[in-house]
Every structure is written in C-alpha cells, then in structure tokens.
Amino acid sequence: DLEIALKVVIVGNGAVGKSSMIQRYCRGTFTRDYKKTIGVDFLERIIECEGEEVRLMLWDTAGQEEFDAITKAYYRGAQACVITFSTIDRDSFEAAHSWKMKVENECGEIPTVLVQNKIDLLDQSVVAPEEADLLSRALGCRLMRTSVKEDINVNSIFRYLTTKCLSE
Ligand code: GDP
Ligand code: MG
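Thresholds applied
Residues numbered from 1 in each chain as written. Chains lettered and ligands numbered in written order. Predicted model: local features only at pLDDT ≥ 70, side-chain atom pairs only at ≥ 80, totals over all residues. Heavy atoms only, no water. Buried < 20%, exposed > 50% of the residue type's maximum accessible area, 1.4 Å probe, protein only. Helix = DSSP H or I, 4+ residues; strand = E, 2+ residues; numbered from the N terminus. Contact = heavy atoms within 4.5 Å. Pairing = 2+ DSSP bridges. Axes fitted to C-alpha atoms, helices over the stretch in contact; angles between N-to-C directions.

An account of helix 1 (residues 18-27) is requested, with residue identities and associated values reported.
Across the ten residues that make up helix 1, a large majority, eight, are buried. The complete set of buried residues in helix 1 reads K18, S19, M21, I22, Q23, R24, Y25 and C26. Those residues of helix 1 that are buried are in contact with strand 1 (4-11), strand 2 (42-49), strand 3 (52-59), strand 4 (80-86), strand 5 (112-117) and helix 5 (154-166). After helix 1 finishes, the residue G28 shows a positive phi value of roughly 70°.

Have a look at this one:
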C-alpha cells in the first residue's frame, strides 16, 4: 500500500493558537508560554482514515503572518487548510476572509475549515455566534469551535479535512 501524505497549512493572525494547535495535535502537549513558532516547518501525525494510512503534515508559520510575509513555499502543494481566529481577538476574526483569499490565490480551492479557537474563554468573547456562522457560510467552509488548551475538537478538524481530501 502506498501511504497517502497530505500537506495542511494552518493560517490566521498571530497569537490565535496556530502553533499550539499543531503541537497539541502532533505531540499531545500544550504550553501557556507564548511561542512564536514551533521551530520547524511542519509537524506530522499519521492517522487511519477509511482504511487508509494517512500522513498529515501540519505546516506552521514562523511568525511571518504578522508581517504578511508568508512565502510561496509555505503554500506550495497544500491540499487542505485551517483558517484560525481567536474568540477574544476581533481583528483575527475580521482577517479570516483575507486569509481565505490568500490561500485560494496560492492553492486554488482546497478543503478548508474555519476554526474559532479559545472557546474556553467564551466569557470574554468578542465574536457573536451568529457572526461566526455567517462568516463560515460566506466563505463556504465548515465552522469548528475549538479549545486547543482544553483539547476540545482539535482532532475533529483534521479528521474532517482528511475525509474530505480522500473523497475528492
Ligand atoms: P500563533 O501565533 O497563532 O501560533 O499562536 P500560539 O500557538 O503561539 O498561541 C498564542 C497564545 O495563545 C499562547 O499563549 C497559547 O498558549 C495561547 N492559546 C492557544 N490556544 C489556546 C486556547 O485554546 N485557549 C487559551 N486560553 N489559550 C490558548
Ligand atoms: Mg505560531
């Protein structure tokens, strides 16, 4: 059997929890310390999906997202995408649409999930639930609400994307 490998890019403004998400999913750890980057291009995790072994490569940015300086190499060959914003960061929510456009420009239409992270901080939320729902409909992708900190819904993101990729 040939193993299937999928490159997944994780985009969104700085500090929304992208590196934490990748670490949580691939290493099972979470840290409160603000880390600009996990220090490598990507981490990987192998999962089984529909009887296939799938190698997921989750690509992190090294903080370039804050300067709008993500290189083409980052996007090259990406087969799936996670657009992330934070429950407590209005700017990150407003920026989701432009992240979608950037990915579409570089990669075309690929399976994409809109992720609202940090739902453990819902009491400090600056995004109404209906707004997030509307945005996901406008972008044409599913909305998932996660807490990387509490490990809520993180696995579902990547299971959903893998299933979508395999069915295409
Ligand atoms: P990135 O810049 O998008 O890669 O964001 P980081 O992964 O570096 O996370 C930024 C900060 O948010 C760190 O202090 C993380 O510990 C914190 N963080 C990430 N996910 C969550 C979450 O689900 N809930 C809470 N409360 N904090 C989180
Ligand atoms: Mg980061």
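Read on, since the account is not over.
Describe the sheet that holds strand 6 (residues 142-145), with residues and values.
Paired through their backbone hydrogen bonds, the strands of a sheet run either parallel or antiparallel. Pairing in this open sheet of six strands is mixed, and the strands run 2-3-1-4-5-6 from one edge to the other. Each of the sheet's edge strands pairs with one partner strand only, and the pair in question is strand 2 and strand 6. Within this sheet the neighbouring strands show an average axis-to-axis angle of 25°, counted without direction. With six bridges joining them, strand 1 and strand 3 adopt parallel strand pairing. Looking at the pairing, A5 lines up with R55 of strand 3. This element, helix 3 (residues 90-107), spans strand 1, strand 4 and strand 5 of the sheet and lies at about 165° to strand 4. Across the face of the sheet, helix 5 comes into contact with strand 1, strand 2, strand 3, strand 4, strand 5 and strand 6 while running at roughly 65° to strand 2.

Such coordinate-based values are descriptive only and should not be taken to indicate function.
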